[in-house]
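Notes for the structure review
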Amino acid sequence: MRSDRVKKGPQRAPSRALLYACGVDSEDIYKKPFIGIASSYTDVVPGHVHMERLKSAIEKGIYASGGISFTFGTPAICDGIAMGHKGMNYSLPSRELIADCVETMAQAHGFDGLVLLTSCDKITPGMLMAAARLNIPSIVVTAGPMLAGRKGSKRLSLVRDTFEAVGNFEAGNIKKDELEELTLRACPGAGSCQGLYTANTMNCLTEAMGMSLPGAGTSPAVSAKKERLAYRRRLTNHLRDDGFCIIATFDENGPLRCSGLPVVRYSIEELEAQFNDEFQLLTSLRDDHKTPAGRTQSFVFALFQKR
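So, on to the overall build of the protein chain. What the protein chain contains, in helices and strands, is 11 helices and 10 strands. Within the span of the protein chain, comprising 307 residues, buried residues form 46% of the whole. Restricting the contact set of the protein chain to residue pairs at least 6 apart, pairs at least 24 apart contribute 67%.

Structure below.
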């Protein structure tokens, strides 16, 4: 196991002593894998306020599967609260910070696998970036969308009934009392903002990419289904006998990080041609963006299955 580097052999006696201090059982330490839970729980982001309940379900699932869980935290910024003032300057950079946090904890403690508990805008991409860098068995648990608000028989949502309501108020179309009532009713509880904005779009894409379980992207935050999915005793690295996955990041100088088979060519078409004789391309994604230093950096995901 990958965790043997921190727990096996006479030279690792100090490490074992510290793990015992964390409550790890001496009979389990050698035979059970170490599974890290990267939790982005915070009580200032509505998409994350219920994550302690999901984390508990994940811990039970890891224990039932014969693993030992270790939880650590990552930052989480709510774009809806951060936008419109200086706070928004910190949203996109937090994605890199989250990826660095997860990579740092997993490498420093020799985790054998990861469960990535995430929900909102830049947190999910940051978690996926970390999974690509580490190339260890990882699965994502997305915390789920918020239910619609209600005013009588009318369904309410954050964007339509708060952001747009501000414009209606300033145009004189609604009174201040109505604006305040919409504000109070638009977001009824935990979950990512209603609608296909960054959070829910990324959570659906994560499911489509095979990095989360079926139904994870759309099951509401407050549903029992979400808790069952969090518990589900399944942790794979999506590298199966009948297929494989390529996740790579690269810039003009060549590959930065790569998992799966060695990547020589980088366009989706060239990858498909490279493996076409034996494998069928099931799904793929490529994203190109500029780094703060002005360099073009690209991300490629491709999932192949044996013909």
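The buried fraction of strand β1 (residues 34-39) is high, at six of six residues. Burial along β1 is two-sided: the face carrying Phe34, Gly36 and Ala38 and the face carrying Ile35, Ile37 and Ser39 are both buried. Bridging between β1 and strand β2 (residues 68-73) involves six bridges; their strand directions are parallel. Residue pairing for β2: serine 39 is matched across the bridge by glycine 73. Note that the unit made of β1, helix α3 (residues 51-64) and β2 has a crossover that is right-handed. Judged from the five bridges that link them, β1 and strand β3 (residues 113-118) form a sheet pairing that is parallel. Looking at the pairing, glycine 36 lines up with leucine 114 of β3.

One can find serine 157 in the loop between β6 (154-156) and α7 (158-170). Polar contacts involving the side chain of serine 157 include one to the main-chain amide nitrogen of arginine 160, which spans 3.5 Å. If we skip the residues at most four places from it in the chain, serine 157 touches Thr162, Ala186 and Gln194.

Counted according to the given criterion, the structure contains three aromatic pairs. Note on phenylalanine 34 and phenylalanine 70: the rings are 5.0 Å apart at their centroids and 65° apart in plane angle, and the pair reads as edge-to-face. Here phenylalanine 34, found in strand β1, pairs with phenylalanine 70, found in strand β2; they are 36 residues apart in sequence, far enough to count as distant. For the residue pair phenylalanine 34 and phenylalanine 70, the accessibility class agrees, reading buried in each case. Ring geometry for phenylalanine 70 versus phenylalanine 111: centroids 6.1 Å apart, planes at 15°, classification stacked. Of the two residues, phenylalanine 70 is situated in strand β2 and phenylalanine 111 in the loop between α5 (91-109) and β3; the sequence distance between them amounts to 41 residues. For the pair formed by phenylalanine 70 and phenylalanine 111, the shared burial category is buried. Every member of this aromatic cluster is reached through a ring pair, and the members are Phe34, Phe70, Phe72 and Phe111.

On to the nonpolar core, then. Core analysis: the biggest nonpolar cluster contains 32 residues, and Phe34, Phe70, Val102, Phe111, Leu114, Leu116 and Met127 have the highest contact counts within it. Of all the elements in the fold, those that place two or more residues in this core are β1, β2, α5, β3, α6 (123-134) and α9 (198-208). For this core, the element with the most residues is α6, which contributes seven residues. For valine 102, the residues in contact, after removing those within four places along its chain, are Ala38, Phe72, Thr74, Leu114, Leu116, Met127, Ala130 and Leu134.

Rules of the game
- Residue indices follow the written sequence of each chain, beginning from 1 at its first position.
- pLDDT decides what is reported in this predicted model: residues at 70 or higher carry local features, side-chain atom pairs at 80 or more are listed and counted, and totals for whole chains, interfaces and linings draw on all residues regardless.
- Excluded from the side-chain calculation are hydrogens and water; included are all heavy atoms of the structure.
- Where helices and strands are cited, they refer to DSSP runs of H or I of at least four residues and of E of at least two residues respectively, numbered from the N terminus.
- Working definition: with a 1.4 Å probe on protein chains only, accessible area under 20% of the residue-type maximum means buried, over 50% means exposed, and in between means partly exposed.
- Residue contacts follow a heavy-atom distance rule, with two residues in contact if any of their heavy atoms lie within 4.5 Å.
- Note on pairing: DSSP must find at least two bridges between two strands before they are called paired.
- Clockwise travel from the first strand over the helix to the second, with the strands pointing away from the viewer, marks a crossover as right-handed.
- The term polar contact refers here to a pair of N or O atoms within 3.5 Å; inside protein, the definition further demands a hydrogen-donor-capable atom paired with an acceptor-capable atom, and it admits residues adjacent in sequence only when both atoms are side-chain atoms.
- What counts as a ring pair is set by centres within 6.5 Å for rings of Phe, Tyr and Trp (its six-membered ring), and what kind of pair is set by the plane angle: stacked under 30 degrees, edge-to-face over 60, tilted for all other angles.
- Take the buried Ala, Val, Leu, Ile, Met, Phe, Trp, Tyr and Cys residues and link them wherever side-chain atoms come within 4.5 Å; each set so joined is a nonpolar core.

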